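Secondary and tertiary structure notes
Chain by chain, the residues:
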Amino acid sequence: MMKQYLSLILCLLSLSLFSQNDTIKLTNNDVLVGEIIKMERSILTFSAPYDDSDFKIKWGSVKEIKSDRQFILSISDGERITSSINSVAGKEMTVSVNVGQGFEEFRLDELVFIEPIGKNFLARITVDIDFGITVTKANDFKQLTTNIRASYLATKWRSGGEYKTVLSRQDGATDINRMDAMLVG
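Since the model is a prediction, treat every value here as computed from it, not as a measurement. (Residues numbered from 1 in each chain as written. Predicted model: local features only at pLDDT ≥ 70, side-chain atom pairs only at ≥ 80, totals over all residues. Heavy atoms only, no water.)

Within the fold, Ser 84 resides in strand S6 (residues 80–87). In this view, Ser 84 contacts Ser 67, Asp 68, Arg 69, Gln 70, Ser 96 and Val 97; residues no more than four positions away in its chain are not counted. (Helix = DSSP H or I, 4+ residues; strand = E, 2+ residues; numbered from the N terminus. Contact = heavy atoms within 4.5 Å.)

Laid out in structure tokens, this is it:
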């Protein structure tokens, strides 16, 4: 039984290591290997397998970047591109991006937004489900909360929705049954 658990842990660890394929080099020459989560408002969020929390890195501190994954990139002139992103050898703080009819080079400071995008339909869907139960002896208080959020990220648009409920019951108070729904297009 112990061997099965050990082999499962090793399998999951190897899968997580293979999925960590993004590399960034900082201006102080530190190299981080992990996963680019997002870059917005000049802050790069980067996840590394050797740390529990994500790194928040000033975009100006990034010197080189390499990833074979697909990203939605926003350029400072308003252009929006879906491409992998890789630094150009011999050109500091410059990346090569596939713009459809070939590759184009951009300086890192021209990139204002980066977000990974999945390669197929299912990889572009994100679903978050939260449940909460609160039981308190005082006043016989019971509460159930749910939150379901889903989004789909396409190359040119994003859509999503959210559904929340709060159901409460307490001695001496009116029951609360609240439901909220929201669609974003």
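Picking up where we left off.
Judged by nonpolar contacts, the single largest core of 23 residues is most densely connected at Trp 59 and Leu 111. Among the elements that make up this core, the one with the highest residue count is strand S5 (residues 62–75) (5 residues). (Core = buried A, V, L, I, M, F, W, Y, C linked by side-chain atoms within 4.5 Å. Buried < 20%, exposed > 50% of the residue type's maximum accessible area, 1.4 Å probe, protein only.)

Our next topic: the packing of aromatic side chains. Counting across every chain of the model gives 3 aromatic pairs. On the basis of an interplanar angle of 55° and a centroid distance of 6.5 Å, the ring pair of Tyr 50 and Phe 55 is categorised as tilted. Relative accessible area serves as the criterion here: at 24%, Phe 55 is assigned to the partly exposed category. Between Phe 121 and Tyr 152, the aromatic rings sit 5.2 Å apart at their centres with planes inclined by 35°, giving tilted as the arrangement. You can see Phe 121 sitting in the loop between strand S9 (111–116) and strand S10 (125–136) and its partner Tyr 152 sitting in strand S11 (residues 141–153), a full 31 residues away along the chain. An aromatic cluster of at least three residues, connected via ring pairs, comprises Phe 121, Tyr 152 and Trp 157. (Phe/Tyr/Trp six-rings, centres within 6.5 Å; stacked < 30°, edge-to-face > 60°.)

Time to look at the environment of Gln 170. With respect to the helices and strands, the residue Gln 170 is situated in the loop between strand S12 (158–169) and strand S13 (176–184). Once the C-alpha coordinates of Gln 170 and Val 135 are considered, the two residues, 35 residues apart in sequence, prove to be 9.9 Å apart. In this structure, Gln 170 is in contact with Asn 139, Asp 140, Phe 141 and Asp 175, ignoring residues within four places of it in sequence.

Our next topic: the pairing of S10. Relative to S11, S10 is paired through 12 bridges, and the arrangement is antiparallel. Residue Thr 134 lies in a different strand from S11, and its bridge partner there is Gln 143. Counting the residues that bridge the hairpin from S10 to S11 gives 4 residues, and of these Asn 139 lies at a positive phi of roughly 60°. (Pairing = 2+ DSSP bridges.)

Moving on, we come to the pattern of salt bridges. Enumeration over the complete set of coordinates arrives at 12 salt bridges. In this structure, Glu 115 engages Arg 158 in a salt bridge whose closest nitrogen and oxygen atoms are separated by 2.4 Å. Taken together, the positions of Glu 115 in strand S9 and Arg 158 in strand S12 put the pair 43 residues apart, joining distant regions of the chain. Residue classification places Glu 115 among the buried residues on the basis of a relative accessible area of 9%. Where Lys 164 meets Glu 162, a salt bridge forms, and the shortest distance between an N and an O atom there is 3.7 Å. (Salt bridge = Lys/Arg side-chain N within 4 Å of Asp/Glu carboxyl O.)

Of note, Pro 49 is situated in the loop between strand S3 (43–47) and strand S4 (55–58). The sequence separation of Pro 49 and Glu 35 amounts to 14 residues, and the corresponding C-alpha distance is 8.6 Å.

As a further point, take unusual backbone geometry. A positive phi angle is found at Asn 29, which is not glycine, with a value near 75°. When you line up the elements, Asn 29 lands in the loop between strand S1 (22–26) and strand S2 (31–40). Phi angles above zero are rare outside glycine, and Arg 41 is one such case at about 50°.

Time to look at the sheet that holds S10. Strand order in the open sheet made by the 4 strands is S10-S11-S12-S13, with antiparallel pairing throughout. Two strands in the sheet have a free side with no partner beyond their single neighbour: S10 and S13. Here the average twist between neighbouring strands, direction ignored, is 5°. (Axes fitted to C-alpha atoms, helices over the stretch in contact; angles between N-to-C directions.)

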